[in-house]
Amino acid sequence: MNQARPCATPRWCDSGSVCHVHVVIMGCGRVGSTLARSLEDRNHTVSIIDTNPDAFRRLGPSFRGTKVTGVGFDQDVLDKAGIDKADAFAAVSSGDNSNIIAARVARETFGIQQVVARIYDPGRAEVYQRLGITTVATVKWTADQVLRRILPAGAEPDFRDPSGTIRLDQVPVNEVWVGQRTVKFQDQSRSRIAWIDRLGEGMLPTRESVIQEGDLLHLVMREENAEHVYNVFNEGPEAD
């Protein structure tokens, strides 16, 4: 079994943009093919797996990624798709069982931390969410939602205002900030925590609020300040 990797965080290039990532997708239906093209449009690399080679026609002639015919939870198939260098994995076939098996193999065998699975059954989705596998229900499904969850934090904001000045990002808390007050993070990062998702509920932070393990932070920042925000997020608090 491969050693687990750290959670994906943004890797900033010299130009100030987020560096490229490699994503493996299982399922080349409407969602998988849309997701693959969207990732390529953002200059990321993609490998896509499907049991039916005819499904790859949805990608169009301009697709530059790797097409692999086979079962998405077969380790040999995943090896051909470049799972060893992958930053994220998305299981978006039409079957719950196949998606969850593939997602668990990607996470538990290959150590991929950014894993998203398409799950039709909301009850099962909740169970796997607790295991650390992000699930997206069909009723709220869009390829754009998956895109935000599999790219590194900061690569694709949840929202950007019409002027392009302000962005809203959703990021799982980095362990280096657990136990620190929210106001300390805000002061050092020059961003604002709009709200926190904690144990399935939203909360508005106060000056006395402390960041806890498992928190999902919703950060508001200026676009030009994003690199600084994520440097502070990754490096941890400055010494008092």
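Computed from a predicted model, the values in this text were never measured in an experiment.

**What about the layout of surface pockets?**
Right, so step 1: In this model, the second largest pocket occupies a volume close to 340 Å³.
Right, so step 2: Contributing elements (two or more residues each) for the lining of the second largest pocket: α1 (30-41) and β2 (45-50).
Right, so step 3: Looking at the lining of the second largest pocket, its residues break down into nine nonpolar, nine polar and four charged.

**Describing the pairing of strand β5 (residues 114-119)**
Right, so step 1: Most of β5 sits inside the fold, with six of its six residues counted as buried.
Right, so step 2: Pairing geometry for strand β4 (residues 88-91) and β5, over four bridges, is parallel. Residue Phe 89 lies in a different strand from β5, and its bridge partner there is Val 115.
Right, so step 3: Of the crossover connections in this fold, the one passing from β4 over helix α3 (residues 96-109) to the parallel β5 is right-handed.

**Topic: the side chain of Arg 167**
Right, so step 1: Residue placement: Arg 167 occurs in strand β8 (residues 166-172).
Right, so step 2: Polar contacts involving the side chain of Arg 167 include one to the side chain of Asp 169, which spans 2.9 Å.

**Notes on the nonpolar core**
Right, so step 1: Ranked by size, the top nonpolar core spans 24 residues in total, and within it Val 24, Ile 49, Leu 78, Ile 83, Phe 89, Ile 112 and Val 115 carry the most contacts.
Right, so step 2: Those elements that place two or more of their residues in this core are β1 (22-26), α2 (75-80), β4, α3, β5 and α4 (122-130).
Right, so step 3: Looking at this core element by element, the count peaks at five residues for α3.
Right, so step 4: Counting residues in hydrophobic clusters, the runner-up holds 17 residues, among them Leu 35, Leu 39, Leu 59 and Val 92.

**Focus: the packing of helix α6 (residues 182-189) against helix α7 (residues 226-235)**
Right, so step 1: Between α6 and α7, the shortest axis-to-axis distance is 9 Å and the interhelical angle comes to 135°. One element, α6, and the other, α7, form an angle in the oblique class. Crossing of α6 against α7: the hand is right-handed. The residues of α7 that touch α6, namely those facing Phe 185, Gln 188 and Ser 189, are His 228, Val 229, Val 232 and Phe 233.

**Some thoughts on the packing of aromatic side chains**
Aromatic ring pairs are defined here through the distance separating the ring centres and the angle between the ring planes.
Right, so step 1: With the rule as written, the count across this model stands at three aromatic pairs.
Right, so step 2: Relative to Phe 233, the ring of Phe 185 has its centre 6.3 Å away and its plane inclined at 80°; by these criteria the two rings are edge-to-face. With Phe 185 in helix α6 and Phe 233 in helix α7, this residue pair connects regions lying 48 residues apart in the sequence. In terms of burial, Phe 185 and Phe 233 fall into one category: buried.
Right, so step 3: Look at Tyr 230 and Phe 233: their rings are 6.1 Å apart centre to centre, the planes differ by 75°, and that puts the pair in the edge-to-face class. With Tyr 230 and Phe 233 both in helix α7, this residue pair falls three residues apart, about one helical turn.
Right, so step 4: Residue Tyr 230 is classed as buried on the basis of its relative accessible area of 0%.
Right, so step 5: Take Phe 233: its relative accessible area is 2%, and that puts it in the buried class.
Right, so step 6: An aromatic cluster of three or more residues is present, and its members are Trp 177, Phe 185, Tyr 230 and Phe 233.

Procedures and definitions
- Residues numbered from 1 in each chain as written.
- Predicted model: local features only at pLDDT ≥ 70, side-chain atom pairs only at ≥ 80, totals over all residues.
- Heavy atoms only, no water.
- 1 Å grid on protein atoms, 1.4 Å probe; cavity = no way out; pocket = protein on both sides within 12 Å on 5 of 7 lines; lining within 4 Å.
- Points joined across faces, edges and corners; volume = space filled by probe spheres on them.
- Helix = DSSP H or I, 4+ residues; strand = E, 2+ residues; numbered from the N terminus.
- Nonpolar A, V, L, I, M, F, W, Y, C, P; charged D, E, K, R; others polar.
- Buried < 20%, exposed > 50% of the residue type's maximum accessible area, 1.4 Å probe, protein only.
- Pairing = 2+ DSSP bridges.
- Right-handed = clockwise from strand over helix to strand, strands pointing away.
- Polar contact = N/O pair within 3.5 Å; in protein donor to acceptor, adjacent residues only side chain to side chain.
- Core = buried A, V, L, I, M, F, W, Y, C linked by side-chain atoms within 4.5 Å.
- Axes fitted to C-alpha atoms, helices over the stretch in contact; angles between N-to-C directions.
- Parallel < 35°, antiparallel > 145°, perpendicular 65-115°, else oblique.
- Left-handed = near helix turned anticlockwise from the far one by under 90°.
- Contact = heavy atoms within 4.5 Å.
- Phe/Tyr/Trp six-rings, centres within 6.5 Å; stacked < 30°, edge-to-face > 60°.

So far we have only geometry, and geometry alone does not tell us how the molecule works.
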